Amino acid sequence: MKRLFTSGLIFVLLAFSSFLGSTYCQTLAPNTKAVSSNGAPLKLALPVNDGSLRFAVIGDTGSGSSKQYQVAEMMVRYRNLFPFEFVLMLGDNIYGGESPKDFEKKFSNAYKQLLADKVKFYATLGNHDLPLQTHYLNFNMDGKEYYRFKKGNVAFYSLNSNYMDKKQVQWLESELAKDTSEWKVCFFHHLPYSSAGKHGSDEQLREVVEPIFVRYGVNIVLCGHDHVYEKIKPQKGIYYFVSGAGGKLRSGDINRSSGLTDKAYDRDMHFMLFEVDGDQMYFQVISRTGETVDAGVMARQKRG
Ligand SMILES: [Fe+2]
């Protein structure tokens with residue numbers, strides 16, 4: 001207990017130091033230009049409707065590489081056009097060491113501008129993440145390895161796919177059973193569906209979660225782990241996305257003959273933007289250099 005408290009205290013102090021600004025690691029030059037890396041104007045494929053819910057999604061970010069920082073900078077540029085309120089993190093938030101300096105280099109310095117602008121991050125645990133991350137204030141996990149929060153008409157479920165044990169499954173079922181939200185979004189690290197060569201579909205995980213998603217009307221599932229972008233063809237009426245290239249890339253890893261792929265991108269790193277307006281959910285996928293690699297709209301599934 002004492003150890004847990006001490007760890008929690010370290011994370012509190014860490015979070016404070018990140019907000020106060022640190023001299024560690026690189027700093028980003030302020031850049032508010034609405035242009036891509038090659039100087040072309042940024043293109044927004046989202047409507048930015050009054051009263052809509054707007055958020056971003058990143059996965060497998062925590063490398064601390066210069067390219068992670070470039071993705072983060074492109075998110076800042078896009079936020080000038082599309083003021084998203086919060087960011088979902090799909091796991092592998094911190095690769096390697098998890099000292100306070102690692103949290104700075106691999107997270108808080110990379111997203112310094114977004115944190116300064118009061119954008120909230122909601123994390124989920126990947127296979128490289130220690131459970132102590134749940135106490136890191138900037139991840140808004142409140143000490144929990146799985147949790148639910150709600151924004152407008154959308155309920156978000158962050159799951160710990162490292163250990164999809166009975167207790168977590170029971171919690172998920174009981175929460176979903178009483179959830180009257182119009183949209184239900186589940187996000188976690190491992191992949192019920194993926195066409196990437198490195199990991200691909202985790203059929204054991206799928207067997208556990210898919211019947212629950214179907215039974216309780218989950219609309220969208222967001223996962224990381226494979227370092228690519230993929231929009232899976234709807235499976236049993238559910239939209240699945242793979243977004244695991246916010247800080248690492250596995251170039252050319254998509255197996256396009258899998259039959260699962262609606263759209264995929266594995267040539268550069270990326271992040272995603274989402275906008276929910278009533279029964280429509282719009283999305284746009286943007287590369288590290290500002291290129292739009294996918295965009296579209298999904299209608300809320302009608303279920304009996
Ligand atoms: Fe992973």
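Worth saying up front: this structure is predicted, and the values here are computed from it rather than measured.

1. Quick word on the overall build of the chain
Here is step 1: Each helix and strand counted, the chain has six helices and 13 strands in total.
Here is step 2: Residues counted as buried form 45% of the 304 residues belonging to the chain.
Here is step 3: In the chain, of all internal contacts separated by at least 6 residues, the share reaching a separation of at least 24 is 71%.

2. Notes on unusual backbone geometry
Here is step 1: With a phi close to 55°, D92 is a non-glycine residue in the positive phi region.
Here is step 2: By the element assignment, D92 lies in the loop between β2 (86-89) and α3 (100-108).
Here is step 3: In this structure D92 comes out as buried when scored by C-beta crowding, with 25 C-beta atoms within 10 Å.
Here is step 4: We note that K118 has phi near 70°; this positive angle belongs to a residue other than glycine.
Here is step 5: Tracing the backbone shows K118 in the loop between α4 (112-116) and β3 (120-123).
Here is step 6: With 8 C-beta atoms counted inside 10 Å, the residue K118 sits in the exposed group.

3. Overview of the sheet that holds β2
Picture the strands of a sheet paired through backbone hydrogen bonds; they go either parallel or antiparallel.
Here is step 1: Across the sheet, six strands lie side by side as β3-β2-β1-β11-β12-β13; this open sheet has mixed pairing. Looking at which strands have only one partner, the edges of the open sheet turn out to be β3 and β13 (292-299). Put simply, the sheet's adjacent strands are angled 20° from each other on average, direction ignored.
Here is step 2: With four bridges joining them, strand β1 (residues 53-58) and β2 adopt parallel strand pairing. Along β2, the bridge assignment pairs I58 with M89.
Here is step 3: This element, helix α2 (residues 66-81), spans β1, β11 (270-277) and β12 (280-287) of the sheet and lies at about 30° to β11.

4. Observations regarding the nonpolar core
Here is step 1: Grouped together as the largest cluster of nonpolar side chains are 75 residues, with contacts concentrated most on A56, V57, C186, V221, L222, L273 and F274.
Here is step 2: Among the elements that make up this core, the one with the highest residue count is α2 (six residues).
Here is step 3: Setting aside its immediate chain neighbours within four residues, A56 contacts M75, F84, V87, F271, M272 and L273.

5. Observations regarding the sheet that holds strand β10 (residues 261-265)
Here is step 1: Here seven strands make up an open sheet; going across it, the order is β4-β5-β6-β7-β9-β8-β10 and the pairing mixed. The sheet is open, and its two borders are formed by β4 (147-151) and β10, each paired with just one other strand. Between one strand axis and the next, the sheet turns by 15° as a mean value, whatever way the strands run.
Here is step 2: Both strand β6 (residues 183-188) and strand β7 (residues 220-223) contribute to a ladder of four bridges, which runs parallel. From the neighbouring strand, C186 faces β7, where its bridge partner is V221.

6. Concerning the pairing of β13
Here is step 1: Of the pairings in the sheet, the one linking β12 to β13 comprises seven bridges and is antiparallel in character. When the bridges of β13 are listed, V285 appears paired with D294.
Here is step 2: Counting the residues in the hairpin turn of β12 and β13 gives four residues, including G290, whose phi is positive at 100°.

Parameters and conventions
Residues numbered from 1 in each chain as written. Predicted model: local features only at pLDDT ≥ 70, side-chain atom pairs only at ≥ 80, totals over all residues. Helix = DSSP H or I, 4+ residues; strand = E, 2+ residues; numbered from the N terminus. Buried ≥ 20, exposed ≤ 12 C-beta atoms within 10 Å, placed from the backbone. Contact = placed C-beta atoms within 7 Å. Pairing = 2+ DSSP bridges. Axes fitted to C-alpha atoms, helices over the stretch in contact; angles between N-to-C directions. Core = buried A, V, L, I, M, F, W, Y, C linked by C-beta atoms within 7 Å.

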